Amino acid sequence: MTASRTRAAKGQGGLLRDQLLDIAGRLLEDGGADALTIRAVASSAGVTPPAVYLHFSSKRELVHATCLRVWSSLFVELEAVSEGISDPVTALYETCVAYIAFGLRHPAQYRLVMDGEATEASRHNEDACFRYFRDKVTACREAGVPVESPTETARVLCSAVHGAVSLLIHQERDTWPSDTARYMARAASAAVHGALLTASPTPPPSMSAVTRPD
């Protein structure tokens, strides 16, 4: 039975909305998109489904709002890790580590936004992430790194960090590397060095030139 709840006082509708998003986020993390329903959120909040519909017109809108709420913190995190780092390549590396860490911390939201249907939330975040990384690549070029096309290089970089996240979040957690910090560091390093190494119009070194262990 759904518990009764007094009507929110005038001006406190935003407070209830935040509470509903808190609950929706927990449901999404624990059970995925199938567990996030209007009825489940209402039951957990102690309200009736119509009270939820006052804030979200559909489950689709609720899912979008829940994902965007988490994603809004991404760029704050990315700026925090690169702030104060004078070398733009190192700043780019730290940004990549933070991006991968974000995706692994929020697998359900990441899948829905970056790997789900092309919703407004997906388009907004994909575009924002791409522009953010392109700005970081441009900073590398301005510092003297031979980058022919920041756009193309950012595209390669984004594909690498997105792949590093997607590889794990589509698997069960018990199959993840035991040392995820090392995984993130290596994946970020490979993404940055690979993207910048091939960013110059000069042909990259032959793979045959790479020294192999005996």
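The structure presented is a predicted model; accordingly, all values stated were derived computationally and were not measured.

### Things to note about the UniProt feature "DNA-binding region" (unreviewed entry) in the protein chain
Link 1 in the chain: Residues given the UniProt feature "DNA-binding region" (unreviewed entry) here are residues 37-56.
Link 2 in the chain: A distance of 11 Å separates the end C-alpha atoms of residues 37-56, which is 65% helix and 0% strand.

### Description of the packing of aromatic side chains
Link 1 in the chain: The tally for this structure, following the rule as stated, stands at six aromatic pairs.
Link 2 in the chain: Aromatic pair tyrosine 99 and phenylalanine 133: ring centres 5.6 Å apart, planes at 75°, arrangement edge-to-face. You can see tyrosine 99 sitting in helix 6 (residues 88-105) and its partner phenylalanine 133 sitting in helix 8 (residues 120-142), a full 34 residues away along the chain. Of the two residues, tyrosine 99 and phenylalanine 133, both sit in the buried class.
Link 3 in the chain: Three or more aromatic residues link up through ring pairs in this structure, and these residues are Trp71, Phe75, Tyr99, Phe102, Tyr110, Tyr132 and Phe133.

### Here we look at the side chain of histidine 106
Link 1 in the chain: Relative to the elements of secondary structure, histidine 106 occurs in the loop between helix 6 and helix 7 (107-115).
Link 2 in the chain: Histidine 106 gets classed as buried once you look at its relative accessible area, which sits at 17%.
Link 3 in the chain: Setting aside residues no more than four positions away along its own chain, histidine 106 makes contact with Glu29 and Val70.

### Quick word on the packing of helix 6 against helix 10 (residues 180-197)
Link 1 in the chain: For the pair helix 6 and helix 10, the least separation of the axes is 9 Å and the interaxial angle reads 135°. As judged from the angle between their axes, helix 6 and helix 10 are oblique. Between helix 6 and helix 10 lies a crossing whose hand is right-handed. Along the contact surface, helix 6 presents Val89, Leu92, Tyr93, Cys96, Val97, Ile100, Ala101 and Leu104, while helix 10 presents Met184, Ala185, Ala187, Ala188, Ser189, Val192 and Leu196.

### Here's the deal with the pattern of salt bridges
Link 1 in the chain: The final tally for this structure, using the stated rule, is five salt bridges.
Link 2 in the chain: One salt bridge in this structure joins glutamate 79 and lysine 136, with 3.6 Å as the shortest N-O distance. Taken as a pair, glutamate 79 in helix 5 (residues 74-82) and lysine 136 in helix 8 lie far apart in primary sequence, 57 residues in all.
Link 3 in the chain: Arginine 131 is the partner of aspartate 127 in a salt bridge, and the nearest nitrogen-oxygen pair spans 2.8 Å. One end of the pair, aspartate 127, and the other, arginine 131, are both in helix 8, four residues apart, so they sit about a helical turn from each other.
Link 4 in the chain: With a relative accessible area of 39%, aspartate 127 lands in the partly exposed category.

### A look at the nonpolar core
Link 1 in the chain: Val41, Trp71, Tyr99, Ile100 and Leu157 are the most contacted members of the largest nonpolar core, which has 61 residues in total.
Link 2 in the chain: In terms of residue count, helix 6 provides more of this core than any other element does, nine residues in total.
Link 3 in the chain: Of the domains in this structure, domain 1 (11-56) and domain 2 (63-200) are the two that each give at least three residues to this core.

### Here we look at the confidence of the model for the protein chain
Reading fine detail from the predicted coordinates is not recommended where pLDDT is low.
Link 1 in the chain: Overall, the predicted model of the protein chain reaches an average pLDDT of 84, with 84% of residues at or above 70.
Link 2 in the chain: Scored below 50 in pLDDT, residues 1-12 shows 12 contacts in the model against residues more than four places distant or in partner chains.
Link 3 in the chain: Every residue in residues 207-214 scores below 50 in pLDDT, and together they form one contact with partners more than four places removed in sequence or on other chains.

Here is what the cut-offs are and how they apply
- Residues numbered from 1 in each chain as written.
- Predicted model: local features only at pLDDT ≥ 70, side-chain atom pairs only at ≥ 80, totals over all residues.
- Heavy atoms only, no water.
- UniProt positions renumbered as here; feature names shortened; annotations may be inferred.
- Helix = DSSP H or I, 4+ residues; strand = E, 2+ residues; numbered from the N terminus.
- Phe/Tyr/Trp six-rings, centres within 6.5 Å; stacked < 30°, edge-to-face > 60°.
- Buried < 20%, exposed > 50% of the residue type's maximum accessible area, 1.4 Å probe, protein only.
- Contact = heavy atoms within 4.5 Å.
- Axes fitted to C-alpha atoms, helices over the stretch in contact; angles between N-to-C directions.
- Parallel < 35°, antiparallel > 145°, perpendicular 65-115°, else oblique.
- Left-handed = near helix turned anticlockwise from the far one by under 90°.
- Salt bridge = Lys/Arg side-chain N within 4 Å of Asp/Glu carboxyl O.
- Core = buried A, V, L, I, M, F, W, Y, C linked by side-chain atoms within 4.5 Å.
- Domains from an automatic or database assignment.
- pLDDT = per-residue confidence, 0-100.

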